[in-house]
Amino acid sequence: MTTSSPATTPTTPAPRRLVLPFLETDPLFDVRWAVILLPVWWWLGVEQFIWPAIFGLAALKMLHLQRWQLRLNGPLRWFALFLVIIAISGLFIVEAERWLTFWRNFGAFAGGFLLLLIVSNRARTWPAIERLLDAALLAVLIAGTVGLLGVLGVWRPTFLSLAGRVMPEAVLATSYGRAIAFRALGEFGWFTGLELFYRLNSFFLFSNHYSSALVYAIPFLFYKLTRCHGWRRVLVVLGIVLLLINLVYTTGRVALLSLLGGALLFVVFYSLRQRAIKVLGALALAAAIWLLALAATVELAAPGPGSGLIGGAIEAVDAFVFARGEGSYTSRFGVYEATIAGFLERPLFGWGTERDVEGLDLPAGSHSEYFAALYRQGLLGLLSLLGLYWSVWRTTRPIGPPAQPAGALLRYGRWFFVTAVVNSLLNDPNVDTTTFVLLWLFIALLVAAAQFMHDQPYDDLATSH
């Protein structure tokens, strides 16, 4: 009788078990795929609500994996304080119907906070940071590709989303409800020097929020340009051109000027390449040509005593500001006046949310992130928001070898952050939860990169790839 040795004993491979996404996956996997699946969420009409749910579940898994041990950085503490003040301000809401607006905004803030918590605690290696950055840029590039199809007239879908089919009539009657229910990549609009054209919003609620997302991503594509070679470099260049075309068709003038302002600061203080100066010069030249074209359009349409170089320049600026008519300008500043007046009535904790004002088409406490915080959460809210941004600025300052990928990312992060802060002067990103999530994903990546640089010895960084 013979017996087989253990080495020759046949073994049966264990059957592969199905892993359920967003339930049994790593928290960083959840973040990556939640962002990449933006087109799916948009098609379903749930992109304004899905982020806090997914990130909340991912945060619970993170707490379990890390045995409730967290790394609490400065931005997280300031963000937590801001959330507390937001919750307190909700106690001062007057109109019952405005509770829906409050929870909508609070969901965006909660999504941003959870995203910062997850990424700054789990993205501890450079590959993890880079994969998240690639996912964020891929989502914006997909939105840009679909937007280009809309500009060219190849694909301009209009349909009722799944969320719109179950939405209460009271919500459906609001502009916010209609934007969620009726899906479209844009709408026809008017702009100085152009006839009727297709104004883009892609997978975002409104064109201004899409322009914000575009200028958040463009600086990081320029960062990618310094890290890629060969055909990948060509693809990055095409991606930059694609997003710039989309930016033009959003008519996001504030976003464009913010992008140029951030580029100027980057070139003067943080760029290590002379080529960046050429890029900035090209962008400035393009902006100048646009202004000159507007001046020529105005002069040809209505020549007058103000003609000439100075008069043409002044009229070009007027044409730039009033490019979509005086309604946008007067409505915005009417909102800001009503916002200041409302703040003076409740200076400490504010009104809890934006509110309708008689005689205005837009609610008070909107169309500026800083005015919104002042009106909704009062002086304490604005100070906590400014403290949050100041903490992010200090935490993400470029350190270490600038040629190392994380060091270079932090330098380009200065361009992004200045662009975002300036753009928020006349835009409120948390109105569109998707825009707010992308903003805080990029910020969280910079915080994670700064922590990575602090945790690694410089001699290891210098030799790492």
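Given the structure is predicted, the values throughout are model-derived calculations rather than measurements.

Some details on the side chain of S207
Part 1: Locating S207 in the fold gives a position in helix α10 (residues 207–227).
Part 2: Of the polar contacts made by the side chain of S207, one reaches the backbone oxygen of L200; its length is 2.6 Å.

Regarding the confidence of the model for the protein
Part 1: Of the residues in the protein, 80% have a pLDDT of 70 or more, and the chain-wide mean is 84.
Part 2: Averaged pLDDT values for the elements of the protein fall to 40 in helix α19 (residues 458–463) and rise to 97 in helix α6 (residues 126–151).
Part 3: Between residues 297–302, whose pLDDT stays under 50, and residues either more than four places distant or in other chains, the model counts seven contacts.
Part 4: Within the model, pLDDT remains below 50 along residues 458–465, and this stretch shows 10 contacts once partners closer than five positions in the same chain are excluded.

A look at the pattern of salt bridges
Part 1: Applying the stated rule across the entire model yields 12 salt bridges.
Part 2: Among the salt bridges present, the one from R183 reaches E47, with a minimum N-O distance of 2.8 Å. One end of the pair, R183, is in strand β2 (residues 182–184); the other, E47, is in the loop between α2 (38–44) and α3 (50–65), with 136 residues separating them in the sequence.
Part 3: Classification of E47 by relative accessible area gives buried; the value is 0%.
Part 4: Note that R98 is salt-bridged to E354, the shortest N-O span being 3.7 Å. Of this pair, R98 sits in the loop between α4 (74–89) and α5 (99–122) while E354 is found in the loop between α15 (326–345) and α16 (369–395), placing the two residues 256 residues apart along the sequence.

Focus: the packing of aromatic side chains
Two descriptors summarise a pair of aromatic rings, namely the distance from one centre to the other and the angle between the planes of the rings.
Part 1: One pass over the structure, following the stated rule, counts 31 aromatic pairs.
Part 2: When the ring of F220 is compared with that of F416, the centres are 5.1 Å apart and the planes differ by 45°; the resulting orientation is tilted. One end of the pair, F220, is in helix α10; the other, F416, is in helix α17 (residues 405–423), with 196 residues separating them in the sequence. Across this residue pair, the class does not change: F220 and F416 are buried.

Remarks on the layout of surface pockets
Part 1: Considered as a void within the structure, the largest pocket measures approximately 1,600 Å³ in volume.
Part 2: Counting residues per element, the ones that place at least two in the lining of the largest pocket are α5, β1 (158–160), α8 (169–172), α9 (175–181), β2, β3 (186–191), α10 and α15.
Part 3: Of all the elements, β3 adds the most residues to the lining of the largest pocket, at five residues.
Part 4: A class-by-class count of the residues in the lining of the largest pocket yields 19 nonpolar, 16 polar and 15 charged.

Digging into the nonpolar core
Part 1: By size, the foremost hydrophobic cluster in this structure holds 110 residues, and its most contacted members are F55, F416 and W440.
Part 2: When neighbours within four sequence positions are excluded, W440 is seen to be in contact with F79, G112, L115, L116, L388, Y389 and V392.

Rules used in this analysis
Residues numbered from 1 in each chain as written. Predicted model: local features only at pLDDT ≥ 70, side-chain atom pairs only at ≥ 80, totals over all residues. Heavy atoms only, no water. Helix = DSSP H or I, 4+ residues; strand = E, 2+ residues; numbered from the N terminus. Polar contact = N/O pair within 3.5 Å; in protein donor to acceptor, adjacent residues only side chain to side chain. pLDDT = per-residue confidence, 0-100. Contact = heavy atoms within 4.5 Å. Salt bridge = Lys/Arg side-chain N within 4 Å of Asp/Glu carboxyl O. Buried < 20%, exposed > 50% of the residue type's maximum accessible area, 1.4 Å probe, protein only. Phe/Tyr/Trp six-rings, centres within 6.5 Å; stacked < 30°, edge-to-face > 60°. 1 Å grid on protein atoms, 1.4 Å probe; cavity = no way out; pocket = protein on both sides within 12 Å on 5 of 7 lines; lining within 4 Å. Points joined across faces, edges and corners; volume = space filled by probe spheres on them. Nonpolar A, V, L, I, M, F, W, Y, C, P; charged D, E, K, R; others polar. Core = buried A, V, L, I, M, F, W, Y, C linked by side-chain atoms within 4.5 Å.

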